[in-house]
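# Structure at a glance
Chain by chain, the residues run as shown.
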Amino acid sequence: MRRLAAGNWKMNGDGAALAEIEALARARPEPGVDVWIAPPATLIHRAAQLAGPVVVGGQDAHPEPSGAHTGDVSAPMLREAGARFVILGHSERRQDHEEDDALVRAKARAAIEAGLVALVCVGEAEAERRAGGTLGVVGRQLAGSVPDGATAGTLVVAYEPVWAIGTGRTPTLDQIREVHAHLRERLVARFGEEGRGVRLLYGGSVKPDNAAAIFAVAEVNGALVGGASLQAAEFGAIVEALERA
Ligand code: PGA
């Protein structure tokens, strides 16, 4: 399976930041892993023109293809703008917009129908981990957020512990191993052999200095990177660590 480094710019980046994508593409004309960037929706079209081998995606998509939904963007619209994947069910959307598993699943179904890869996020809150509920939470989110019929080519899953996002804190390597093994087992139970090919990313405070250790963990097939994806040099160092893993 080809490994994947995906960057999530969140609500960061203006036109000048497109230079970071250009720099990333220039530094790695033929990357040894897949390199994806999800800039804000306003930059997708321009980013897709200059991204070269870097694949551009969205950070959310409405479940309907069009209609009276002020402020929303649909999966076919993202696709037309040049997106090839979309992040769905990120914990910031689950929190800020009260998105539940059923909504994330509907969005993922719509994304796949529109020809996008659905990058579905799961992850426990700190209190849930303290209460010993991590595997139950991520298992439920996975079951509820991933649509039937998803394949290795249309689905990527990111494990992102909520308490590790933007905090500089990460789980231990054993904790990551335990969750990724569980997610793989659940995917294979549901999708059979196809579930073995679905890429599992770790996300939450991945930086150049911890990336190699995380990438050595079994069933970690790459990373979803927030803050450290904004600068080409920093994200490039993570891509390089993944190429060497
Ligand atoms: P972070 O964000 O790398 O800044 O912790 C990860 C994410 O939210 O995808």
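Heads up: these notes are all about the structure in this document. (Residues numbered from 1 in each chain as written. Predicted model: local features only at pLDDT ≥ 70, side-chain atom pairs only at ≥ 80, totals over all residues. Heavy atoms only, no water.)

## A short note on the site of the ligand
Selection criterion: Think of it this way: one heavy atom of a residue within 4 Å of a molecule or strand is enough to make that residue near it. We define a polar contact as two N or O atoms separated by no more than 3.5 Å, with the added condition that, inside protein, one atom must be a possible hydrogen donor and the other a possible acceptor, whereas residues neighbouring each other in sequence contribute only through side-chain atom pairs. The classification used treats Ala, Val, Leu, Ile, Met, Phe, Trp, Tyr, Cys and Pro as nonpolar, Asp, Glu, Lys and Arg as charged, and all other residues, Gly among them, as polar.
The immediate surroundings of the ligand are formed by 13 residues, with Lys10, His90, Glu160, Gly166 and Ser205 found nearest. Taking Lys10, its side chain carries an N or O atom lying 2.7 Å from an oxygen atom of the ligand. Within the backbone of Gly166, one N or O atom sits 2.7 Å away from an oxygen atom of the ligand. The class makeup of the residues in the shell around the ligand is 4 nonpolar, 7 polar and 2 charged.

## Considering the sheet that holds strand 1 (residues 4–8)
Keep this limit in mind: Pairing between two strands is assigned when DSSP locates at least 2 bridges connecting them. Helix and strand assignments follow DSSP, with helices taken as H or I runs no shorter than four residues and strands as E runs no shorter than two, numbered in order from the N terminus. For helices, the axis comes from a line fit to the C-alpha atoms of the stretch in contact; other axes are also lines fit to C-alpha atoms, and the angle between any two N-to-C directions lies between 0 and 180 degrees. Should any heavy atoms of two residues lie within 4.5 Å, those residues are counted as being in contact.
The strand order 1-2-3-4-5-6-7-8 describes a closed barrel built from 8 strands, whose pairing is parallel. Neighbour-to-neighbour, the strand axes of this sheet turn through a mean angle of 25°, independent of strand direction. In this fold helix 8 (residues 173–191) packs onto strand 5 (117–122), strand 6 (155–159) and strand 7 (199–203), with an angle of close to 150° to the strand it touches most, strand 7.

## Quick notes on the packing of helix 5 (residues 101–113) against helix 7 (residues 134–145)
Inclusion rule: To sort the angles, those under 35 degrees are grouped as roughly parallel, those over 145 as roughly antiparallel, those from 65 to 115 as roughly perpendicular, and the leftovers as oblique.
Running from N to C, helix 5 and helix 7 point in directions that differ by 45°, and their axes come no closer than 7 Å. When the interaxial angle is binned, helix 5 and helix 7 end up oblique. Taking contact as the criterion, the partners of Asp101, Ala102, Val104, Arg105 and Ala108 in helix 5 are, on helix 7, Arg140, Gln141, Gly144 and Ser145. For the contact of helix 5 with helix 7, the residue count by class is 3 nonpolar, 3 polar and 3 charged.

These values are about where atoms sit, not about what they do.
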